[in-house]
Amino acid sequence: MRADTDTGGEWAVALPVPDALIGSARGSVRGSARAKARTAVVTRPRWWLDALAIVWLGWVYDIIANLAPLRYHLAIDHAQGLLRLERALHLDPEFALNRWLTFHRTLGMALSYYYDNAHFIVTLGLLAWVWWRRADLYRPLRNSLVLMNVLGLAVFWLYPVAPPRMLAGFSDVVASSHTLGSWHTGSLASAANQLAAMPSLHMAWAAWCTLALWRISERRWVRGLAILYPCLTVVAVLATGNHFVLDIVAGLATAVLAVALVRALPVAGSDHHKPVTKSKTG
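Quick caveat: nothing in here was measured; it's all calculated off a predicted structure.

What counts as what
- Residues numbered from 1 in each chain as written.
- Predicted model: local features only at pLDDT ≥ 70, side-chain atom pairs only at ≥ 80, totals over all residues.
- Heavy atoms only, no water.
- Helix = DSSP H or I, 4+ residues; strand = E, 2+ residues; numbered from the N terminus.
- Buried < 20%, exposed > 50% of the residue type's maximum accessible area, 1.4 Å probe, protein only.
- Contact = heavy atoms within 4.5 Å.
- Areas by Shrake-Rupley, 256 points an atom, 1.4 Å probe, with all protein chains shown as cover.
- Core = buried A, V, L, I, M, F, W, Y, C linked by side-chain atoms within 4.5 Å.

A. Spotlight on the overall build of the chain. Helices and strands together make up the secondary structure of the chain, namely ten helices and four strands. Secondary structure elements in the chain, listed N-terminal to C-terminal, are β-β-α-β-α-α-α-α-α-α-α-α-α-β. With 282 residues in all, the chain has 41% of them scored as buried. Long-range pairs, those at least 24 residues apart, make up 82% of the contacts in the chain between residues at least 6 apart in sequence. For the chain, the accessible surface area stands at approximately 15,900 Å², while carbon and sulfur atoms represent 68% of it.

Below you can see the structure in the form of structure tokens.
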């Protein structure tokens, strides 16, 4: 027994406490703190504000797309320059993959549907799920995705690049497959920015999906799918003739830069470390 101590007129006896009991008490306190954290409430952003952000991005994209006739030859020159650089670096599998896929019609159609639809369905579906189920993760993930698009739009404006399918010798597999909802043929073709190969937002969005899934779940099969998804995206965009290898590298760099910038901003990443499970609409 240790000496008695006076605590403001009352006496307290300092008794020796076993280390095991101290560890148990500390564990109980930590467990209580974790329980409180899990039951904390994080408000979701109003959905219509995010919808307005999407509309604004679409409006900017449309403005850039309308400049395509004026920048066509410049974009072709940039594309040819990228192809020459890749060949000098021996990093030019696009033509071989494109030629190979041209002679595999069923696979070409499958990759065309994947290219046209997975890009939007997977990304926007995952974003909506995070908004609904993981409000604590939503803001930094949303901000990263928005910033990726802003960075991509800036490059589209400053450095237009035509995709490989617009160069001699390449085939537009998506157009020849006549996939439903294709942006390469019909009325949708006029609404698409055909000179936005650099950076590859297909790659940037796929990398974002990997990050989101990795943060959402620790299950091995989920993280396995998270890694497989961008790998399949790389094959699809190269083989269909829609991106160069350097576009993909630039797309990945865009994703990394966007995430780093969001992490560096304390306001944007304020909810980054809150492990909560309950949320409500604010």
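B. Broad picture of the nonpolar core. Met148 and Trp208 are the most contacted members of the largest nonpolar core, which totals 34 residues. Within the residue set of this core, elements represented by two or more residues are helix 2 (47-66), helix 5 (105-133), helix 6 (135-158), helix 8 (201-216), helix 9 (220-239) and helix 10 (245-264). Examining the composition of this core, we find that eight residues originate from one element, helix 8, more than from any other. Formed by 16 residues, the second largest nonpolar core is a distinct cluster that contains Leu83, Leu167, Phe170 and Ala250.

C. A look at the environment of glycine 251. Along the chain, glycine 251 falls in helix 10. Look at glycine 251 and you get buried, because its relative accessible area is 0%. Put simply, glycine 251 and tryptophan 205 are 46 residues apart on the chain and 8.4 Å apart in space, counted from C-alpha to C-alpha.

D. Expanded view of the environment of serine 200. One can find serine 200 in the loop between helix 7 (173-177) and helix 8. Assessed through its relative accessible area of 0%, serine 200 is described here as buried. Taking the C-alpha atoms as reference, serine 200 lies 8.0 Å from valine 249; in sequence the two are 49 residues apart. Here serine 200 is in contact with His243, Asp247, Ile248 and Gly251, once residues within four sequence places are set aside.

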